[in-house]
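The chain contents come next:
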Amino acid sequence: MTYVAKKCGVCFQPPSIILIYKDDSKDKTRQRIMPVRNFSKFSDCSMAAEQLKNNPRHKVYLEGVSLHQLQKLYSLLKGHLGGESLAESLEKFQQEETIDPEEDMNKLDDKELAKRKSIMDELFEKNRKKKDDPDFIYDIEVEFPQDEQLESCGWDAESGEEI
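Here the structure is a predicted model, which is why all the values come from computation and not from measurement.

### Description of the environment of Thr-98
Relative to the helices and strands, Thr-98 resides in the loop between helix H3 (86-97) and helix H4 (110-127). Along the primary structure Thr-98 and Ile-119 are separated by 21 residues, whereas in three dimensions their C-alpha atoms are 7.7 Å apart. Within the structure, the side chain of Thr-98 is placed 3.2 Å from the backbone oxygen of Gln-95, a separation counted as a polar contact.

### Notes on the environment of Lys-41
Examined against the element boundaries, Lys-41 turns out to sit in the loop between strand E3 (28-35) and helix H1 (45-54). Between the C-alpha atoms of Lys-41 and Asp-135, which are 94 residues apart in sequence, the distance is 46 Å. For Lys-41, the contacting residues outside a window of four places in its chain are Lys-78, Leu-81 and Gly-82.

### Here we look at the pairing of strand E2 (residues 16-23)
Working note: regular strand, side chains alternate between the two faces of the sheet. Of all eight residues that make up E2, six are buried, and the element is covered over most of its length. Of the strand pairs in this sheet, strand E1 (residues 3-11) and E2 are connected by eight bridges, and their pairing is antiparallel. Each residue of the ladder has a partner; that of Val-4, found in E2, is Lys-22. Hairpin connection of E1 to E2: four residues between the antiparallel strands. Inspection of the sheet shows E2 paired to E3 by eight bridges, in the antiparallel sense. Each bridged residue has a counterpart across the sheet, and for Leu-19 the counterpart in E3 is Arg-32.

### Side note on the packing of H1 against helix H2 (residues 67-81)
In helix packing, the relevant descriptors are the interaxial angle and the interaxial distance, both defined with respect to the helix axes. Put simply, H1 and H2 touch, their axes get as near as 8 Å, and they point 125° apart. When the axis of H1 is compared with that of H2, the two are oblique. At the point where H1 passes H2, the crossing takes the right-handed sense. Facing H1, whose interface residues are Cys-45, Ser-46, Ala-48, Ala-49, Glu-50, Leu-52 and Lys-53, H2 presents Leu-67, Leu-70, Gln-71, Tyr-74, Ser-75 and Lys-78.

### Here's the deal with the pattern of salt bridges
Applying the stated criterion across every chain yields a total of seven salt bridges. In this structure, Glu-112 engages Arg-116 in a salt bridge whose closest nitrogen and oxygen atoms are separated by 2.9 Å. One end of the pair is Glu-112 and the other is Arg-116, both in helix H4 and four residues apart, which spans about a single turn. Given the relative accessible area of 30%, Glu-112 is considered partly exposed. Three or more residues are tied together by salt bridges with common partners; here these are Glu-103, Glu-112 and Arg-116.

### Comments concerning the sheet that holds E1
Ordered in space as E1-E2-E3, the three strands form an open sheet in which the pairing is antiparallel. Because the sheet does not close on itself, it has two edges, and the strands there are E1 and E3. Each strand axis lies, on average, 20° off the axis of its neighbour in the sheet, ignoring direction. The strands touched by H2 are E1 and E2; relative to E1, the strand with the most contacts, the crossing angle is about 20°.

Rules behind the numbers
- Residues numbered from 1 in each chain as written.
- Predicted model: local features only at pLDDT ≥ 70, side-chain atom pairs only at ≥ 80, totals over all residues.
- Heavy atoms only, no water.
- Helix = DSSP H or I, 4+ residues; strand = E, 2+ residues; numbered from the N terminus.
- Polar contact = N/O pair within 3.5 Å; in protein donor to acceptor, adjacent residues only side chain to side chain.
- Contact = heavy atoms within 4.5 Å.
- Buried < 20%, exposed > 50% of the residue type's maximum accessible area, 1.4 Å probe, protein only.
- Pairing = 2+ DSSP bridges.
- Axes fitted to C-alpha atoms, helices over the stretch in contact; angles between N-to-C directions.
- Parallel < 35°, antiparallel > 145°, perpendicular 65-115°, else oblique.
- Left-handed = near helix turned anticlockwise from the far one by under 90°.
- Salt bridge = Lys/Arg side-chain N within 4 Å of Asp/Glu carboxyl O.

Here's what the structure looks like:
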């Protein structure tokens, strides 16, 4: 049997993850409610998302749902349990998922640094041009505008005379 995930959401009361999927063998659209147990405002969202995705009961249904989306749903649930509104939880999650270019990453702990690196890797893969892309150009030459005349360096001029 193959299941194609259509929508995935979160229900706050009772805490559960809801999946709307299509059953290809019967050509029907169905809803699956997966209760969230033993989850509090202090729980780790990524760990809970991995456990749900690897749960033998739900694994077949959640193949089409990314781990990132499940982490987001758990983050929204965690914010609700902490007393935050939906808008505040979404804003907080969005802020965690963006990288501030002015932030000094040397001061981050290993876990936060790994999270930032994975965000940068995802962004790189999303923006990367592959050979199969229709707007792929193999050898791009770009001339950058120079606002002022470049000064030659002393070591650069000397090495050119010796050769």
